[in-house]
Amino acid sequence: MNEVEKQYPVQTSSTFVKGVFIGGLLGAAAALLFAPKPGRELRGDISDKIVVATDKTKEVAGNVTDRTKEIATTVADQTSQVAGLVSDSAVSLAQTVSTKAKDVAKSITENKETVANSLADAAQSVAKDVKEASDNVSKDVKDASNDVAKEAQNKSNEVKKEVNSTTGSNNTSFPTR
């Protein structure tokens, strides 16, 4: 049910009264037709009743026309009011969207600078960590190289002792071929 139907509900009692009135007129006409009157009198009565029915019909048609005009005027006024409200709401919504868009753009700009600074700091931190790791690896490689050299020297000395002990000489030089 729309707003107009809610504001102006069908008036069932007036419709019922109209139906009773029309039914009464038809009943009276039927009674006149079936009443024992002479033809001229009967035609006069029918003519009088038709004039009364015509007058009542014109009156009802006038009332319906007036009521229809009132309803049309009310609907036009309300439609105009609703259109104004919709227009105002659209303008308000457009302003709100514009404001929010500006806020988002400002926030993005601010966050962009923050992210750029964070990335620069992170890059410096990563470079420092890589340098430290590289220095540590270099030191570990140097230490491991020294350990390997010492181990090789120890093994070489052991091999020399072994060779000397098997040959029985204290000559630490190896024969050449």
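Owing to the predicted nature of the structure, the values given are computational and were not obtained by experimental measurement.

## As for the overall build of the protein chain
Turning to step 1, where the next piece is worked out: The helix and strand inventory of the protein chain stands at three helices and zero strands.
Turning to step 2, where the next piece is worked out: Along its sequence from the N terminus, the protein chain presents helices and strands in the succession α-α-α.
Turning to step 3, where the next piece is worked out: Here the protein chain, with 177 residues, has 2% of them falling under the buried criterion.
Turning to step 4, where the next piece is worked out: About 14800 Å² of surface is accessible on the protein chain, with carbon and sulfur atoms providing 60% of the total.

## Notes on the pattern of salt bridges
Here the idea is simple: oppositely charged side chains can pair when their charged atoms come close.
Turning to step 1, where the next piece is worked out: A full pass over the atoms with the stated rule returns three salt bridges.
Turning to step 2, where the next piece is worked out: Ionic pairing is found between lysine 131 and aspartate 135, a salt bridge with its closest N-O pair at 3.3 Å. Of this pair, lysine 131 and aspartate 135 both sit in helix H3 (residues 39–167), four residues apart, which is roughly one turn of the helix.
Turning to step 3, where the next piece is worked out: Its relative accessible area of 41% is what places aspartate 135 among the partly exposed residues.
Turning to step 4, where the next piece is worked out: Where lysine 155 meets glutamate 158, a salt bridge forms, and the shortest distance between an N and an O atom there is 4.0 Å. Of this pair, lysine 155 and glutamate 158 both sit in helix H3, three residues apart, which is roughly one turn of the helix.
Turning to step 5, where the next piece is worked out: For glutamate 158, a relative accessible area of 47% puts it in the partly exposed group.

## Topic: a negative patch on the surface
Turning to step 1, where the next piece is worked out: A contiguous patch of negative charge on the surface is contributed by Asp140, Asp143, Asp147 and Glu151.
Turning to step 2, where the next piece is worked out: Within the element layout of this structure, aspartate 140 appears in helix H3.

## Quick word on a nonpolar patch on the surface
Turning to step 1, where the next piece is worked out: Together, Phe16, Val17 and Val20 give the surface a local cluster of nonpolar side chains, amounting to about 320 Å² of exposed area.
Turning to step 2, where the next piece is worked out: Secondary-structure assignment places valine 17 in helix H2 (residues 12–34).

## Concerning the confidence of the model for the protein chain
Turning to step 1, where the next piece is worked out: Summary statistics for the protein chain give a mean pLDDT of 80 and a share of 85% for residues scoring 70 or more.
Turning to step 2, where the next piece is worked out: Between the elements of the protein chain, mean pLDDT differs from a low of 65, seen in helix H1 (residues 3–7), to a high of 85, seen in H3.

Rules used in this analysis
Residues numbered from 1 in each chain as written. Predicted model: local features only at pLDDT ≥ 70, side-chain atom pairs only at ≥ 80, totals over all residues. Heavy atoms only, no water. Helix = DSSP H or I, 4+ residues; strand = E, 2+ residues; numbered from the N terminus. Buried < 20%, exposed > 50% of the residue type's maximum accessible area, 1.4 Å probe, protein only. Areas by Shrake-Rupley, 256 points an atom, 1.4 Å probe, with all protein chains shown as cover. Salt bridge = Lys/Arg side-chain N within 4 Å of Asp/Glu carboxyl O. Patch = residues over 30% accessible without salt bridge, like charges linked within 9 Å, V, L, I, M, F, W, Y side chains within 5 Å. Lys, Arg positive; Asp, Glu negative; His and termini not counted. Charge placed at Lys NZ, Arg CZ, Asp CG, Glu CD. pLDDT = per-residue confidence, 0-100.

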